Amino acid sequence: MLGQLLRAANGLVRECRTYSKAASVSSAKLQELAMEETCLVVNDQDQTIGTASKRDCHRVAPDGNIRLHRAFSVFLFNSAGDMLLQRRSRDKITFPDCYTNACCSHPLYDIKGEREELNALGIRRAAQRRLNYELGIPLAQARLENFHYLTRIHYADRGDGTWGEHEIDYILFLQKEVDLKPNDSEVSEVRYISRKQLDQTISTLSAPLTPWFRLILQHRLPLWWDNLHQLKKFQNHESIERF
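As a starting point, this report considers the structure included with it. (Residues numbered from 1 in each chain as written. Predicted model: local features only at pLDDT ≥ 70, side-chain atom pairs only at ≥ 80, totals over all residues. Heavy atoms only, no water.)

Some words on the overall build of the protein
Cut-off, in case you're wondering: By definition, any uninterrupted DSSP run of H or I lasting at least four residues is a helix, any uninterrupted run of E lasting at least two residues is a strand, and each is numbered from the N terminus. Three labels apply to residues, based on accessible area from a 1.4 Å probe with only protein chains included: buried if under 20% of the type maximum, exposed if over 50%, partly exposed otherwise in between. We call two residues in contact when some of their heavy atoms are within 4.5 Å.
When helices and strands are counted, the protein shows seven helices and 10 strands. In the protein, buried positions account for 56% of the 243 residues. At a minimum sequence separation of 6, the contacts of the protein that also span at least 24 residues come to 69%.

Here it is as structure tokens:
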């Protein structure tokens, strides 16, 4: 367990180094720096076939294509079963000022432990790192074994025509009481909503949803949420769901 925490901490140190020059720079500059992170490019079977910068993975090509890469989405619930909703910072380059699930990001090639595929360990490590960075959740409150890996979803969205998404998205559920200290450069708002409030809340939001959250909400989230304590029966680690 200590070794896992140390590996996660080392990953966080590397991320902090990425931003080491940015102690006094703007949130927008931080987002520009983050676009140089190296993502894992995959084929449609989720096999790694190369690497590319986050910038190159999200830029829409003139023919409309976007590089397929590996990602994850964390859905965070408290002990009462309420779900955390995040509003992305206005400075985000991709899908700014949109509502989404608790945390959405990528495992990074430069962090060796995040390349490990067995039991989605690399994905879990990346999720732990980003929950700490974006929401200030202490590493000890989001241990690797706390994540429930449900399935993978392959989706694409051309966004604004300049920046879009094309991902094989690992879906992780985490039900835990956590301490939150959102990073203003990443997150402008967080709130917990109950299952009963879901439809009303979504219908009254003052900003759009991210495309991945919208698709998961439409196709899977209500069913998963209604079965929060028996998620294993919906677990699918063999095939990739395609929306």
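Next comes the rest of the description.
A closer look at helix H2 (residues 27–34)
Stated precisely, the cut-off is as follows: Throughout, the arc means the angular range of directions from the helix axis out to the C-beta atoms.
Within H2, burial applies to Ser-27, Leu-30, Gln-31 and Ala-34. Each buried residue of H2 sits inside an arc of 100° when the element is viewed along its axis, so together they form one side.

What to know about the side chain of Arg-70
Here is the rule we go by: Polar contact criterion, stated in full: a pair of N or O atoms within 3.5 Å, where within protein one must be able to donate a hydrogen and the other to accept it, and residues adjacent in sequence count only if both atoms are side-chain atoms.
Mapping Arg-70 onto the fold places it in strand S3 (residues 69–77). The buried category is assigned to Arg-70, whose relative accessible area is 3%. From its side chain, Arg-70 meets the backbone oxygen of Asp-46 in a polar contact 2.7 Å long.

Quick notes on the packing of aromatic side chains
Our working definition: Only Phe, Tyr and Trp rings take part, Trp by its six-membered ring, and two of them pair if their centres are within 6.5 Å. Stacked means planes under 30 degrees apart, edge-to-face means over 60, and tilted covers everything else. Charge over a ring is defined by NZ of Lys or CZ of Arg lying within 6 Å of the ring centre and within 35 degrees of the ring normal.
Applying the stated criterion across every chain, the model contains seven aromatic pairs. Ring geometry for Phe-95 versus Trp-212: centroids 5.8 Å apart, planes at 90°, classification edge-to-face. Note that Phe-95 is positioned in the loop between strand S4 (83–88) and strand S5 (99–100) and Trp-212 in helix H6 (residues 211–219), a separation of 117 residues in sequence. Trp-212 shares its class with Phe-95; the two are buried. Here the aromatic cluster, defined as three or more aromatic residues joined through ring pairs, consists of Phe-75, Phe-77, Phe-173, Phe-213, Trp-224 and Trp-225. Across from the ring centre of Tyr-109, 4.3 Å away, lies the NZ or CZ of Arg-115, which sits over that ring.

Regarding the pairing of strand S2 (residues 48–53)
Formally: Note on pairing: DSSP must find at least two bridges between two strands before they are called paired.
In the sheet, strand S1 (residues 38–42) pairs with S2 via five bridges, with the strands oriented antiparallel. Residue pairing in the sheet places Val-42 in a bridge with Thr-48 of S2. The turn joining S1 and S2, which pair antiparallel and follow one another in sequence, is formed by five residues; a positive phi near 70° is taken by Asp-46.

Some remarks on the side chain of Asn-236
Relative to the assigned elements, Asn-236 resides in the loop between helix H7 (221–226) and strand S10 (240–242). Apart from residues no more than four positions distant in its own chain, Asn-236 is found in contact with Leu-150, Thr-151, Arg-152 and Glu-241.

Side note on the nonpolar core
We apply this condition: Among buried residues, the Ala, Val, Leu, Ile, Met, Phe, Trp, Tyr and Cys ones that are joined through side-chain atoms within 4.5 Å form a nonpolar core.
Ranked by size, the top nonpolar core spans 29 residues in total, and within it Phe-75, Phe-173, Phe-213 and Leu-221 carry the most contacts. Where this core is concerned, the elements lending two or more residues are S3, S4, strand S7 (148–157), strand S8 (165–175), helix H5 (198–203), H6 and H7. At five residues, the largest contribution of residues to this core is made by H6. Val-42, Cys-103, Ile-137 and Ile-168 belong to the second-largest nonpolar core, a separate cluster that totals 25 residues.

Brief notes about the environment of Asn-146
Along the polypeptide, Asn-146 turns up in the loop between helix H4 (121–135) and S7. The spatial distance from the C-alpha of Asn-146 to the C-alpha of Gln-128 is 9.9 Å, given a sequence separation of 18 residues.

So, the pattern of salt bridges
Put simply, the rule is: Salt bridge criterion: a side-chain nitrogen from Lys or Arg within 4 Å of a carboxyl oxygen from Asp or Glu.
A full pass over the atoms with the stated rule returns 17 salt bridges. Note that Lys-92 and Glu-186 form a salt bridge whose closest N and O atoms lie 2.7 Å from each other. Of the two residues, Lys-92 sits in the loop between S4 and S5 while Glu-186 sits in the loop between S8 and strand S9 (187–193), which places them 94 residues apart along the sequence. Looking at Lys-92, the relative accessible area reads 7%, which means it is buried. Here Asp-157 ties to Arg-214 by a salt bridge, and the two come within 3.4 Å at their closest N and O atoms. Of this pair, Asp-157 sits in strand S7 while Arg-214 sits in helix H6, placing them 57 residues apart in sequence. Three or more residues are tied together by salt bridges with common partners; here these are Arg-87, Arg-90, Asp-97, Glu-189 and Arg-191.

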